[in-house]
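# Chain and residue survey
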Amino acid sequence: MTLRGRLTAAFLVVVLGPVLLGSIFVALTVATVSRERAAERLDHAATTVRTGISAICRQLQAAADAVAVVSADDRSAVARQLVARGLASDIQIFPSGSGEESKPSRTGDCAAPAGTDTSAIVATATVAAQQITAAQAVDDAFLARLAAASGARITLGGNPGAGGRELSAGPGQPLPLTLTVSRSKPLFLYGVLLAVVIAAGFASVLVARWLAHTTTRPLGDLAWAADQVAGGDLDTRVPIVRPDELGRLAATFNRMTRELKAYVQALTASRDQLRGHLAILGETLSSTHDVDRILQVILRTALAATGARSGLVLLLDPAGGQLVARCAIGLTGAWDLPDDKLATMRLPVGSGVLGAVAAAGEPRRGHGELASTEPPCRTYVAVPIRAPVVDDPLLPSEPTPATLGVLALYDRVGGDDFDDADLRTLRTFAGQAGVAVHNVRVHEEAQRLSLTDPLTGLWNYRYLRESLRREVERASRFGRMLAVLVLDLDHFKEVNDTYGHAAGDAVLGEFARRIRIGLREVDVAFRQGGEEFVVLLPETDAYGGAIVAERLGAVVRDRPVPIEGRGAIPVTVSIGVAVFPEHGADAQRVLQAADDALYAAKSAGRDTYRLADPSVGVPTGGPQPPRQAHGR
């Protein structure tokens, strides 16, 4: 059954139930009143009949006495007069002592009634030798007069039945009578009552259907609107018919759908924004190995996803054991620094909230617990940046990935504290940051390995060509000089043949170490191949290159290379020096000029240096330090 049917049935039960009960009560009341009125009429009729018959008996007795008091000769005439006057229907005079047979048959004596089949009422008077009998005939006219006076139907004798009353014979009432009254049957009233019930029922059905319709229609509209909203149509509205409870419900539903639409639009915009950030993040991760740029994109995406006002990314410096700030957005106070100076902000591992997160590798969130050296905020959430887990069984992996840094966000927009959802979101971005940092470091390590010499740790020939081209372009653009040194160990083949290749490798490694020690930070050293090395000296002229060459030769010459179990091996080096743009207009030519100068130093007896001379095309020698003679 539908809701409308249930409401209609309930209304009909509530309305028609009392109507039917009232109709039954009225019908029973009418019947009871009818019975009581019939009983009252019978009582009145019985009293009237008794009174009337008693009066007739007294009248008959008076007539008999009136005849008795006159003389015997006049009695017959008086009797006839009394009958004529209607005081009795018959007056008879009998001789005294004649007995009962002298009385009319089937009579009822008013003084001593007897029998039930009575045709007359009599009263007697005795005087001298005569008996005077006054009689009143009991016929239909007599009974009709009694019925007219009493208002009841009167019959002589008989069975009164359920609706009548019997008057038995007695002194003063010598007739056995049966009184019945017609009980009124209120058929019209019953008909009216039935018509009222039917009309009330019909009206109740109409009203019930109207009420059910007006009640369930808003609910139906609300259900339809809910289906539309569930299908995605957030523009659906429920009409407000009346300002009742259902109207308020419809208004609340409309307000809910409006707010839901606004939430969905905001969520869609946030999703699109997050999708754009993720696209930028993915593009950044796939197209660059710039850690700072990647961290900047990750931090901006995390801020947009969580609604934080500011954020900070710190990476762990394994050498110093400190957290180094690499990226910050929206920070204030001492942390409001440009990117080129942000690295000056450092936090020791284990100190404060960020240091504790880096030390324990566990995320933290809260408010009012930060150290004075950390960014000021009201609320915060910080998670560790970990290296990704290595799934390759051929590669070593740690049970707990190493902590690479910390990602922290501060002060959500709206003032609410960060919740578990924000913590999970930030963990996701921290995982991306860990992958990015790890990949960049792996890439840098792979690039370093591909561009460095594994024996000496210096850059290899591949990186030499790129670096030389870059330094030549820079020197040409800014009008600076670039000194190029080509170094070659003297008689290195004899070292390998005499002491073995392991000793030769040790000599090369020590020679590379001494080169690095003797150079500036901006100078770059390369192993070109075998025992031949190249050094680039930016912003250095020929004189400065000669000084460096002389210093490197002295460092190698003055300290033989100690070899375990073999003693110390004396080593010398020959060096060729060329300067851009004086000795060559491009990278290849200046390198070739330095190489030619090296061969000139070799030809000059080794353990010396030569400076290329572009004017004559023949290298010239510089100051000659003391040399030790070595054969090839």
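Given the structure is predicted, the values throughout are model-derived calculations rather than measurements. (Residues numbered from 1 in each chain as written. Predicted model: local features only at pLDDT ≥ 70, side-chain atom pairs only at ≥ 80, totals over all residues. Heavy atoms only, no water.)

So, on to the confidence of the model for the chain. Put simply, the chain has an average pLDDT of 81, and 88% of its residues get 70 or more. In the model, residues 616-632 has pLDDT below 50 throughout and makes 36 contacts with residues more than four positions away in sequence or in other chains. (pLDDT = per-residue confidence, 0-100. Contact = heavy atoms within 4.5 Å.)

Turning next to the sheet that holds strand β5 (residues 153-156). Each strand in a sheet pairs with another by means of backbone hydrogen bonds, the pair being arranged parallel or else antiparallel. Ordered by their spatial adjacency, three strands build an open sheet running β5-β7-β6, and the pairing between neighbours is antiparallel. With partners counted over all chains shown, the strands left at the sheet margins are β5 and β6 (164-167), one partner each. Shown here is a sheet whose adjacent strand axes are inclined to one another by a mean of 25°, direction ignored. Sheet contacts for helix α3 (residues 140-150): β5 and β7 (177-180); angle to β5, the most-contacted strand, approximately 145°. (Pairing = 2+ DSSP bridges. Helix = DSSP H or I, 4+ residues; strand = E, 2+ residues; numbered from the N terminus. Axes fitted to C-alpha atoms, helices over the stretch in contact; angles between N-to-C directions.)

Attention now goes to the environment of Ile240. Within the secondary structure layout, Ile240 lies in the loop between α4 (187-230) and α5 (245-287). When neighbours within four sequence positions are excluded, Ile240 is seen to be in contact with Gly247, Ala250, Ala251 and Asn254.

With respect to the element layout, Arg75 can be found in helix α2 (residues 75-84). Asp73 provides the closest opposite charge to the buried, salt-bridge-free Arg75, at an N-O distance of 8.5 Å. Reaching out from Arg75, the side chain makes a polar contact with the backbone oxygen of Ala68 at a distance of 3.4 Å. If near-sequence neighbours (up to four positions away) are discounted, Arg75 is found in contact with Val67, Ala68, Val70, Ile93, Val127 and Gln130. (Buried < 20%, exposed > 50% of the residue type's maximum accessible area, 1.4 Å probe, protein only. Lys, Arg positive; Asp, Glu negative; His and termini not counted. Salt bridge = Lys/Arg side-chain N within 4 Å of Asp/Glu carboxyl O. Polar contact = N/O pair within 3.5 Å; in protein donor to acceptor, adjacent residues only side chain to side chain.)

Before going further, it helps to spend a moment on the sheet that holds strand β10 (residues 346-348). If you walk across this open sheet you meet the six strands as β10-β9-β8-β13-β12-β11, and the pairing is antiparallel. At either margin of the open sheet sits one strand with a lone partner, and together these are β10 and β11 (364-366). Sheet twist, expressed as the average angle between the axes of neighbouring strands with direction ignored, equals 25°. Across seven bridges, strand β8 (residues 308-317) lies against strand β13 (residues 403-412) in antiparallel orientation.

With that out of the way, let us pick up the nonpolar core. Membership of the largest hydrophobic core comes to 35 residues, with the highest contact counts inside it found for Ile53, Ile91, Ile121, Phe142, Leu177 and Leu179. Breaking this core down by element, the ones donating at least two residues are α1 (3-68), α2, β3 (120-127), β4 (130-137), α3 and β7. Here the element with the most residues in this core is α1; it accounts for 13 residues. In terms of nonpolar packing, the next biggest core, distinct from the first, is built from 33 residues, Leu487, Ala503, Phe533 and Ala542 among them. (Core = buried A, V, L, I, M, F, W, Y, C linked by side-chain atoms within 4.5 Å.)

The next thing to look at is a nonpolar patch on the surface. On the surface, Leu21, Ile24 and Leu28 cluster together into a nonpolar patch covering about 330 Å² of accessible area. Assignment of secondary structure puts Leu21 in helix α1. Among the residues examined, Leu21 registers a relative accessible area of 60% and is labelled exposed. (Patch = residues over 30% accessible without salt bridge, like charges linked within 9 Å, V, L, I, M, F, W, Y side chains within 5 Å. Areas by Shrake-Rupley, 256 points an atom, 1.4 Å probe, with all protein chains shown as cover.)

Moving on to helix α10 (residues 461-478). Spanning 18 residues, α10 covers 26 Å between terminal C-alpha atoms, matching the ideal 26 Å at 1.5 Å per step. All of the buried residues along α10 are Tyr463, Leu464, Ser467, Leu468, Glu471, Val472 and Ala475. Down the axis of α10, the smallest arc covering the buried residues is 160°, so these residues share one side. In α10, the exposed positions angled more than 90 degrees off the buried face are occupied by Arg465 and Arg477. Against the buried residues of α10 lie α9 (420-451), β14 (482-489), β15 (524-529), β16 (532-538), β19 (573-580) and α14 (587-603). Among the residues of α10, the N-terminal cap falls to Asn460, whose side-chain oxygen and the backbone nitrogen of Arg462 are separated by 3.3 Å. Downstream of α10 by one or two residues, Gly479 has phi in the positive range, about 65°. (Expected span 1.5 Å × (residues − 1). Arc of directions from axis to C-beta.)

Considering all chains together, one arrives at three aromatic pairs under this definition. With a centroid separation of 4.2 Å and 40° between ring planes, the pair formed by Trp459 and Tyr463 is classed as tilted. With a relative accessible area of 28%, Trp459 lands in the partly exposed category. Ring centres of Tyr463 and Phe526 lie 6.1 Å apart, and the angle between their planes is 45°; on these two criteria the pair is classed as tilted. Remark: Phe526 occurs in strand β15 and Tyr463 occurs in helix α10; sequence separation between them is 63 residues. Grouping residues by exposure puts Tyr463 and Phe526 together as buried. By the ring-pair criterion, three or more aromatic residues cluster together here, those being Trp459, Tyr463 and Phe526. (Phe/Tyr/Trp six-rings, centres within 6.5 Å; stacked < 30°, edge-to-face > 60°.)

On to the environment of Val535, then. Along the chain, the position of Val535 falls in strand β16. Since its relative accessible area comes to 0%, Val535 is described here as buried. Each C-alpha atom of the pair Val535 and Asp523 lies 7.2 Å from the other, and the pair is 12 residues apart in sequence. Discounting chain neighbours no more than four positions away, the residues touching Val535 are Ala483, Val484, Leu485, Leu487, Ile515, Leu519, Val524 and Ala525.

Before going further, it helps to examine α14. Spanning 17 residues, α14 covers 24 Å between terminal C-alpha atoms, matching the ideal 24 Å at 1.5 Å per step. On its buried face, α14 is in contact with α10, β14, β15, β16, β19 and β20 (609-611). Of the residues that open α14, the one with a side-chain oxygen 3.4 Å from the backbone nitrogen of Gln588 is Asp586.

Turning our attention to the packing of helix α12 (residues 501-517) against helix α13 (residues 542-558). Running from amino to carboxyl end, α12 crosses α13 at an angle of 140°, the nearest separation of the two axes being 10 Å. Judged by the angle between their axes, α12 and α13 are oblique. Viewed along their axes, α12 and α13 form a crossing whose handedness is right-handed. Note on element contacts: α13 touches α12 through Leu552, Val555 and Val556, opposite Phe511, Arg514 and Ile515. For the contact of α12 with α13, the per-class residue count stands at five nonpolar, no polar and one charged. (Parallel < 35°, antiparallel > 145°, perpendicular 65-115°, else oblique. Left-handed = near helix turned anticlockwise from the far one by under 90°. Nonpolar A, V, L, I, M, F, W, Y, C, P; charged D, E, K, R; others polar.)

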